[in-house]
Amino acid sequence: MSFSSHITNSINQVLNFIWNSIILKTGRTVSEWPILKPTVLFSSLLLFHVFFDKIKVLIENNLFISSSFSNIWLDITVIAATVFVILFFGIRFWYTRYKPSFSSFFLVFLLSYTSSFIFWNSDLLGWQFYKECIFQLPYVFYYLVPGSLFILYALITGIISLFPREKLYRSQFSNDEPIGKRDDDKLDYEVYVDNLSKILLHESFPKAFSVGLVGPWGNGKSSVLDLVKNELESNEGDRRKNIFIHFLPYLNHNEDDIINEFFLLLSSQLSKFDGKISNQILKYSQKLTDLYQSKNLVDFVSKPPNNIYNQAAKELYEDIDKSLTRINKKIIVFIDDLDRLSGEEIIQVLKLIRNTANFNNTIFVVAMDKDYVLQRLKSSNQILNSAYLEKFFQLEIYLPEIDGNVLRESFLKSFDNYSNQGISNFNDDIKTALLDRDILFDDYVKNLRDVKRYSNQIKFDYPFIKNEIDMVDFINFTFLKTRFPSIVNQLYKDKSNLLRYDDAKDIYHIEDLPEDQQADEGVSIPFDLDGIFDNFLSTSRTIDTKDLKEFKKYKIFNNIIKDQRSFENSHKIDCDDLYLLLKTLYTLFGKKDVKSSGSIQLSDNLNILFYRKIQTHNFTKNDFKELLDFENQEKLKAIVFNLDSDKKLPQFLKKLKWFKPVDINQLKKIIQVLLHLYQVKNDYQLNRIEIEKRLAIYVQELLTEKYGNPEENSSWLWEKIFEGKYLTLKNKIYLLGDLWQAKNENLLWGFSEQKVSDKAIELFKDQFDNIEDTPWEVSNFHYYSFYHSLKKIRNIQSKLNDLFKDFWNKRDIELLCAQTIDLPAFSYSVYQLSDIIIEIFGSKNKYVEFIKSHPDATKKEIKEYIEFLILLQKTEFKIAIDFKFKESKLIKKRIKLLIEAYKKNTSYDEIGNIKQVIFETNDMDFFYKIRAQQEFVTKHHIQVYPHSDYVVARINIMSNNAKSDLLSIAQYINKIGADYTGWKHNSLDKTKLDENESFLTHTNDPQKYIKIIHPKPLKF
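Residues numbered from 1 in each chain as written. Predicted model: local features only at pLDDT ≥ 70, side-chain atom pairs only at ≥ 80, totals over all residues. Heavy atoms only, no water.

Description of the pattern of salt bridges
One pass over the full model with this rule turns up 32 salt bridges. Between Asp443 and Lys583 there is a salt bridge, with its nearest N and O atoms 3.2 Å apart. Here Asp443, found in helix α19 (residues 441-444), pairs with Lys583, found in helix α27 (residues 575-589); they are 140 residues apart in sequence, far enough to count as distant. Given the relative accessible area of 23%, Asp443 is considered partly exposed. (Salt bridge = Lys/Arg side-chain N within 4 Å of Asp/Glu carboxyl O. Helix = DSSP H or I, 4+ residues; strand = E, 2+ residues; numbered from the N terminus. Buried < 20%, exposed > 50% of the residue type's maximum accessible area, 1.4 Å probe, protein only.)

Below, the structure is given as structure tokens:
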């Protein structure tokens, strides 16, 4: 035997071993690689050895080099390339778990085999392989090493693939696959499985027999089919006697595909027993397809012309039926999901069952939602009568509706493996929610498919909202979102179309109808299903009057009832679902009195559900828990500070509206938190009124008998507010004043009026007693605010006045003087006295006397202020005076602040270009004579202020020509006095006016005078 023949025999033995021990055990078909690829490999090796002599000549002519050849750079390149290939592909294969293809394996194996064969037989061939000069290894080594590693890797991965490990699937979500084991049967369908299995095994028929497995959508029909099929196929004897086909028509794209796919499956199964019948079925299938496409019935009953080999479809059908009788195998066809098909596709399946596949001893088991199938057929105008289906099914097995308790149990059990991300009491909350009277579980969950869909949605959404939303509302919203996505999408885009926002309560609710538009209580509202479904469903549904008792009052109800068709078209909601939608919207948004901080009606909570995330500044239940866990006041301060840093305090006050304390300890802690917030309201820019509202609500609750003895709780509250350190002195005053102001509503929180009055005086006195020297800025009016807060408390205003006056009698009075100066509304050039002094001192005149009698009245600052007061007093406090303060820094600072505040609103000054001149005379008739000069009075806006022994007149002159105007006015006055009241004619000049004395002389009475008292003429 030649060398080549020896090698060829060895290769054949190896390939036979591979074929017998590995390939045949895989169970692959002839068309797959186990028979094709070894043949290619074997043929290639055989050709190599057959033509080796020619290959040898080719190598000698083209690949031989001189024995003296040497190239160090080539050697380095080859070594580096080999190392790179090993590392690169080794790492890649390791991380990607790459499985080599046959072509790559074939190429590497063939090259490696031929190279190694030549290398090991080089002595016989008389060849010498070139060696690199670094490690003195032949070049062929740098190919054989990576090639051998590749072949070894390919063989290992191939062997491993022959022993696949069972894959374990773990998921907290439920898929919609039907069950395949009796142990998984939760609906007690075992009796249906057993009875149906007996029928299929023990009954035989001359033609096709059809069984309809009927039940509502998602009721377990597919599971029953699978259980029956697995039961039959698990028995070796049953497999030999019967042919089982699982046909899924919904996988096809059109009705023609349904025909082809069914007969293809049937042909494939029959080919194991009779090749002829298999081919006949394929021809029959093609005939039917052509028939349905051409609508030509001639080909069905006669042979096509000019073709002696073709049979008519009817002849083929008869031959197939005879062949099936000869084979003596029962054909059992399981058809699932008929209710997923269109009307045309359903008709095609029914034709298969009744006509085209009506073969000997063939049983069809069809799972379907009969009502849906009928509805589909009617909507596509395929049938007119509901009795149409009766001709197709000789037996119908009805699966009952699933009991609600079973669905609830399955729903709860679906959460057993749910990873709730550390959220406590999740399963208990779900269980409690299902018992709530507002839960819509029974309305939405009708079968196990619903259980899986809704539980999966809850599992996915809940981590986004955690426990911030009331569980009942969250589940009901999940129902709404899953069943009516278009409605939720509309709410997301514009809530105003369906809901009304109550800004005061910060809630969304369904908008009410005016009373005259609400339906009468005794009238039921019909839904005309004929109109909605375009006359293909002849039923009528009426909502019970009891169900309308509440939500008939809402606008959305009226809109849907009046315009069913447009609503159905715009939202893709059929009439049967309209009632469910109404009920859901009413349940979620019909309440006006929200009682829980987790209610979906709160705007923040609704947004959480829409955006599926808790907003950054949202005050969560965990925040609530942490806030109420404070141990002392310092801890509380730290928690509140952190909440403010996170901008959560406004959210806390908003959500506090719906917080319900579980016991008196929690209630007292909430009150203490609110007291602290009242204390820091200005620091954190919180709304004082909102805090007081919340505080009043919880205090009123504290004083109910539900939380123990009201008197004891009132004493605890008094101690916390007025004896404790939660509030500063000033905040105690403010809170006490607010408490009195609303005493008709709050009943003074159980405190007696006398106790409140005494505490008010005590706090006001303490506030003054804590002051040393001149304690506050001229812009600080807290003490006046304290006074205003407390003054209305019964019988204490006079005592507060006495405390106020007593305080200033003992203090530097300059600050009081400065703070009583004010601006009129029309100008910042003149000043007046604040009205606050009237309440404290009784009148402005009494205030002037108080200042005059004060020990500081002789100080230059106060003397100047008294001059200002006297001018106001002489003009009866009816005008503001253009007075120039020079001595008091506090008064000048006060005026500066007043002017700055005025100019923030407007720069307009009504008398900015006018100077005031105030004359005084003891001639009572003189100014009346002047006032009789109407033109003069009008021009200069003269105002006269008579007193018992003198008269004062204010005259306005233009500031841009003040001295000339003043002189001309004095001369005019002189003329009137000389003409009418006995005053001498004087030759007046500026010097005479500057003397600030009487610038006129009376003819008969030297005691009479007329002079300018403000301003001094020199000031012009």
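A closer look at the environment of Asn497
Mapping Asn497 onto the fold places it in the loop between α22 (485-493) and β6 (499-502). Classification of Asn497 by relative accessible area gives partly exposed; the value is 49%. Remark: the alpha-carbon pair of Asn497 and Glu511, spanning 14 residues in sequence, is separated by 9.6 Å.

Focus: the nonpolar core
Ranked by internal contacts, the top residues of the largest apolar core, which has 110 residues, are Leu677, Ile851 and Tyr865. By residue number, the principal contributor to this core is helix α32 (residues 664-679), which donates eight residues. Contacts of Tyr865, omitting those with residues within four sequence positions, involve Cys817, Thr820, Ile821, Leu833, Tyr847, Ile851, Phe885 and Ile891. Val193, Tyr462, Ile465 and Ile469 belong to the second-largest nonpolar core, a separate cluster that totals 68 residues. (Core = buried A, V, L, I, M, F, W, Y, C linked by side-chain atoms within 4.5 Å. Contact = heavy atoms within 4.5 Å.)

Observations concerning the confidence of the model for the protein
Of all residues in the protein, 84% have pLDDT values of 70 or greater, and the mean over the chain is 80. Confidence drops under a pLDDT of 50 for residues 17-33, and excluding neighbours within four residues, the segment shows 14 contacts in the predicted structure. For the stretch residues 521-546, pLDDT sits under 50, and the model shows 50 contacts to residues farther than four places along the chain or on other chains. (pLDDT = per-residue confidence, 0-100.)

Some points on the pairing of strand β4 (residues 362-368)
With respect to burial, β4 is a largely interior element, seven of its seven residues being buried. Across six bridges, the pairing between strand β1 (residues 209-214) and β4 is parallel. Bridge pairing in β4 places Gly212 opposite Val366. Relative to β4, strand β3 (residues 330-335) runs parallel, the two sharing five bridges. (Pairing = 2+ DSSP bridges.)

Remarks on the sheet that holds strand β12 (residues 914-921)
Taken together, four strands build an open sheet; the order of strands is β13-β14-β12-β15 and the sheet is antiparallel. In this open sheet, the two edge strands, each paired with only one partner strand, are β13 (943-946) and β15 (1010-1014). Within the sheet, the average angular offset between the axes of one strand and its neighbour, ignoring direction, is 30 degrees. As judged from the four bridges shared by β12 and β15, these two strands associate in the antiparallel manner. Bridging across to β15, Ile918 finds its partner in His1014. Contacts between helix α43 (residues 860-874) and the sheet are confined to β12, β13, β14 (951-958) and β15, with β15 contributing the most and set at about 125 degrees to the helix. On the sheet, helix α47 (residues 962-980) packs against β12, β14 and β15 and is oriented at approximately 140 degrees with respect to β14. (Axes fitted to C-alpha atoms, helices over the stretch in contact; angles between N-to-C directions.)

Description of the UniProt feature "transmembrane region" (unreviewed entry) in the protein
UniProt feature "transmembrane region" (unreviewed entry): in the numbering of this structure it lies at residues 35-52, 72-95, 102-120 and 140-163. Along residues 72-95, the helical share is 100% and the strand share 0%, with 35 Å between the first and last C-alpha atoms. When the span residues 140-163 is considered, its composition is 88% helix and 0% strand, and the gap between its end C-alpha atoms is 35 Å. (UniProt positions renumbered as here; feature names shortened; annotations may be inferred.)

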